[in-house]
Every structure is written in C-alpha cells, then in structure tokens.
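# Survey of secondary and tertiary structure
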Amino acid sequence: MRPTFRPATVAQACLALVAFAALAQPASADVLDDVKGRGAVKCGVTLAAPGFSAEDNSGKRTGFDIDLCRAIAAATLGDDSKIQLQPMDLKTAFASLPSGAVDVLTHRFTWTQSRDVGGLKFPKVMFFDGQGFAVTTKSRANKVSDLNNATICTAQGSTSELIVADYFRARKLKYKIVTFASQEQAWDAFVAKRCDAAINDRSGLAARLAKLPNRDEFKVLAETVSNEPIGPIVAQGQPRWEALVRFTLNALVAAEELGINQGNVDAMLKSTSPDVQRLLGVTGDFGTKLGVDNDYAYKAIKAVGNYGEIWDRNVGPKTPLRLDRGRNALVANGGLMMSVPVR
C-alpha cells in the first residue's frame, strides 16, 4: 500500500532539511573575515586537563592548547589576548565548528579519516601521542595482556572505544567497556574504583594523574596501543582560515628549527639567513597571501615562543606532567616534528 503524505508531514520534513543544512554548512562565508570583524578568536578547549587547558589559582586558563590559541590570535589580530575560550566536552566540541560557535578547536582530538571527511579539517599535527591504560598501583596488571576480563572506563563516542575493541579482539582478550558522557566522568569513575582501568591518550592520563592528591596510588602501563596524531581543528570549506591556522602552527615549529625563540626573536629580525627572513616577514609576502600582515609569524613567536618553549612551559620534564619530547622532538633530534618550508 502506498503511503500518504499529509501536509503537516511534508512541512516537518522541509523544516528538518533546513535544520540539517544549517548544521552541515559553516555559519559564516569566511571565518577569517569574521575573526577580524569580531576582534577575537573563539577557541574550543577541553574542560580540565592540567598542562593543556585548566584554570590556575587565579582563575586564568593556561596550557599547551591555550598557547596555540594565543598564537593564532597574535598572528591574525596582532594581540594574543584577543581570545574567547569555550571549554567543552566531546559531544559539544564537534558540533561547535559547523555551527560557528567556535572558530577553531585546540581541544585535544585525534586526526582520523572519518573526522577528516566528515566536515572537520586538521591543519597540522601538533602532538604525536598514543593511547594507554591507567590502573591502580595495587592492581596485578603490569602489561595490557593482564587486563583480560577487566572493566574499562572511557568516554562515549571517543576513539578509545574502537581502540579497545580492536586491540582486545586481536589478542583474544575479554573485557567490559563502560562509557560516560565525557572523559572527565570516565576518569572520575575510574578513580572511584568503578572500573579496573581507564584508557586515554598517554598525555591525557599524565594530565589527570598530575592533579590527583593520591597520584602514587595509580600508574600508567608502559605499552602504547595506538598512534594518535593530535592537532587543532577547523571547519571544512574555510580554505583561508585553514591555511592561516596551519602556517601559524607551522611557524612555531619552524622557529625552533631555526633557533628562534621568544627572547631572541627581535634580534633575529636582523639575521641574514633567508629562511629566518622569510619566516619573520622581513622579506617576501607570505603573510599577505594568507590574509594577514607579513610579520604574522613574528607576532606568534613573540607572544608564546617556539614549539619547544610551549612544550617545556606546559608539559615538559619540569612540569607536573613530566613529559619527555619523545616522538614530538624535532626530526633533527630523532623525533617526528617538522615544519613545512616557508618559501
């Protein structure tokens, strides 16, 4: 029997299509113009991850991800304080870009194929990470295979769910996954002993351990069970904004490669090195081609320093996270981090 469509049903369907289209399309024709007109960069950041995005004792939010936001604001607007930070969880973060709620997510998310083709663009990897497991020190688990029959906490919709399924299935290990609305809730459940282990990026686990008063009661297993290339995200269909974000981030890495830092960047304006001159805008028109001033990279470096300085200040060996550079060292030093040449 052929279905009959009532007028109200058709109207509802049209409204649904309009709503879907509004979500599927960027809220602005050009995000770069919007940012300039607004005079501020709206950055989506994680709710609370010490070293990456968390409030200090004075109520100011600081961290690795905040510094990336500040660098983008300095490059775009000439002032790293022109930022609007919006802490958000996994569910709200991805919807925030196409709706125009934020201009960029410096929130810590993994670059995956499904996200890339699903309307999100990752301009540059700024953190090479990998997933790992946290357990209690009293646990008998010393390696991942010891987690057979374990209950594991994680956030619903995160890449961790798939990683656990793939890793355990391949090794014929049994497990029970318990999901929560956010990584914060999953971690709180683990700390409250509602599950045997928690999975997250190893840097994320380090950040959460850093703020526990009883951190010695927990440990992170040595094995890394995935590759997690992480970096800021922008909406699809914004090539000017995507390029500016990409080459601002790129400038922070290039600065470290070239020996430029926050303290010597003014003196380096007099360098005779063609690479330094192009990066800092002394020669060429690389900034104007991005829609900003030619000294955009200089402004970003002056505001937050080079990549190594950002690392050391927020997550390095002298911070509570105590993270070594590892895969995030420059290629010249045996790591994976490198810049795209400015030429």
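Residues numbered from 1 in each chain as written. Predicted model: local features only at pLDDT ≥ 70, side-chain atom pairs only at ≥ 80, totals over all residues. Heavy atoms only, no water.

### Concerning the nonpolar core
For soluble globular proteins, the rule of thumb is that nonpolar side chains tend to be buried together. Core analysis: the biggest nonpolar cluster contains 58 residues, and Trp241, Ile260, Leu279 and Leu280 have the highest contact counts within it. Contributing elements (two or more residues each) for this core: α2 (31-38), β1 (41-45), α3 (64-77), α8 (202-210), α9 (239-257), α10 (274-280), α11 (296-304) and α12 (307-314). The greatest single-element share of this core, amounting to 10 residues, is contributed by α9. Residue contacts for Leu279: discarding those within four places in its chain leaves Ala251, Ala254, Ala255, Leu258, Ile260, Ala297, Ile301 and Val342. With 16 residues, the next largest nonpolar core counts Ala150, Ile163, Ile199 and Leu221 among its residues. (Core = buried A, V, L, I, M, F, W, Y, C linked by side-chain atoms within 4.5 Å. Buried < 20%, exposed > 50% of the residue type's maximum accessible area, 1.4 Å probe, protein only. Helix = DSSP H or I, 4+ residues; strand = E, 2+ residues; numbered from the N terminus. Contact = heavy atoms within 4.5 Å.)

### With respect to the environment of Ala181
Its place among the elements puts Ala181 in the loop between β10 (175-180) and α7 (183-191). Along the backbone, Ala181 and Ser58 are 123 residues apart, and their C-alpha atoms lie at a distance of 28 Å.

### Description of the confidence of the model for the protein chain
Note: predicted coordinates in regions of low pLDDT should not be interpreted at a detailed level. This prediction gives the protein chain a mean pLDDT of 90; 92% of its residues lie at or above 70. Below a pLDDT of 50 lies the segment residues 1-26, which in the model reaches 7 contacts outside its immediate sequence neighbourhood of four places, other chains included. (pLDDT = per-residue confidence, 0-100.)

### Some details on α8
When you tally the buried positions in α8, you get 7 out of 9 residues, the bulk of the element. When α8 is considered as a whole, its buried residues turn out to be Ser203, Gly204, Leu205, Ala206, Ala207, Arg208 and Leu209.

### Notes on the sheet that holds β1
Read across the sheet, 3 strands follow the order β4-β1-β5 without closing on themselves; strand pairing throughout is parallel. Two strands lie at the open edges of the sheet, namely β4 (83-87) and β5 (104-105), each paired on one side alone. Strand direction decides the pairing type here: β1 and β5, joined by 2 bridges, are parallel. Counterpart to Cys43 in the pairing with β5 is Val104. (Pairing = 2+ DSSP bridges.)

### Looking at the pairing of β10
Inspection of the sheet shows strand β9 (residues 150-155) paired to β10 by 6 bridges, in the parallel sense. Note on β10: the bridge partner recorded for Thr154 is Thr179. Crossover β9 to β10 through helix α6 (residues 159-170) is right-handed. (Right-handed = clockwise from strand over helix to strand, strands pointing away.)

### Side note on the packing of α9 against α11
At a closest axis distance of 9 Å, the pairing of α9 and α11 adopts a crossing angle of 60°. One finds that α9 runs oblique with respect to α11. The interaxial crossing formed by α9 with α11 has right-handed handedness. In contact with Leu244, Phe247, Thr248, Ala251, Leu252 and Ala255 of α9, α11 contributes Tyr296, Ala297, Ala300, Ile301 and Val304. Taken together, the residues that form the contact of α9 with α11 break down as 10 nonpolar, 1 polar and no charged. (Axes fitted to C-alpha atoms, helices over the stretch in contact; angles between N-to-C directions. Parallel < 35°, antiparallel > 145°, perpendicular 65-115°, else oblique. Left-handed = near helix turned anticlockwise from the far one by under 90°. Nonpolar A, V, L, I, M, F, W, Y, C, P; charged D, E, K, R; others polar.)

### Side note on the pairing of β1
Burial runs high along β1: 5 of the 5 residues are buried. What you see with β1 is no split at all: Val41, Cys43 and Val45 on one side and Lys42 and Gly44 on the other are buried throughout. Across 5 bridges, β1 lies against β4 in parallel orientation. In the strand pairing of β4, Val45 is matched with Pro87.

### Quick look at the side chain of Ser339
Its location among the elements puts Ser339 in the segment after α12. Accessibility expressed as a relative area gives 13% for Ser339, which makes it buried. Engagement of the side chain of Ser339 in a polar contact is seen with the side chain of Glu257, the distance being 2.4 Å. (Polar contact = N/O pair within 3.5 Å; in protein donor to acceptor, adjacent residues only side chain to side chain.)

### Comments concerning the pattern of salt bridges
Per the counting criterion, the structure on display carries 18 salt bridges. Linking Asp129 and Arg108 is a salt bridge whose minimum nitrogen-to-oxygen distance equals 3.2 Å. A residue pair is termed long-range when its members are at least 10 positions apart, and Asp129 in strand β7 (residues 127-129) and Arg108 in the loop between β5 and α5 (113-116) qualify at 21 residues. The closest approach of N and O atoms between Asp116 and Lys121, which form a salt bridge, is 2.9 Å. Taken together, the shared-partner salt bridges in this structure form one network comprising Asp67, Arg70, Asp80 and Arg313. (Salt bridge = Lys/Arg side-chain N within 4 Å of Asp/Glu carboxyl O.)

### Here we look at the environment of Pro317
Note on placement: Pro317 falls in the segment after α12. Taking relative accessible area as the criterion, Pro317 reaches 48% and is therefore assigned partly exposed. Placed 262 residues apart in sequence, Pro317 and Glu55 show a C-alpha to C-alpha distance of 20 Å. The residues touching Pro317, leaving out its near neighbours within four places in the chain, are Asp312, Arg322, Leu323 and Asp324.

### A word on the state of the cysteines
For the coordinates displayed, the defined rule picks out 2 disulfides. A sulfur-sulfur distance of 2.0 Å marks the disulfide that ties Cys43 to Cys69. Linking Cys43 and Cys69, the disulfide has an S-S dihedral of approximately 90° and is accordingly described as right-handed. On the criterion of sequence distance, the pair formed by Cys43 in strand β1 and Cys69 in helix α3 is long-range, its members being 26 residues apart. Note that Cys153 is cross-linked by a disulfide to Cys195, the S-S spacing being 2.1 Å. For the disulfide bridge between Cys153 and Cys195, the dihedral angle about the S-S bond is near -120°, and by the sign convention the bridge is left-handed. Here Cys195 lies in the loop between α7 and β11 (197-201) and Cys153 lies in strand β9, a separation of 42 residues in the sequence. (Disulfide = S-S within 2.5 Å.)

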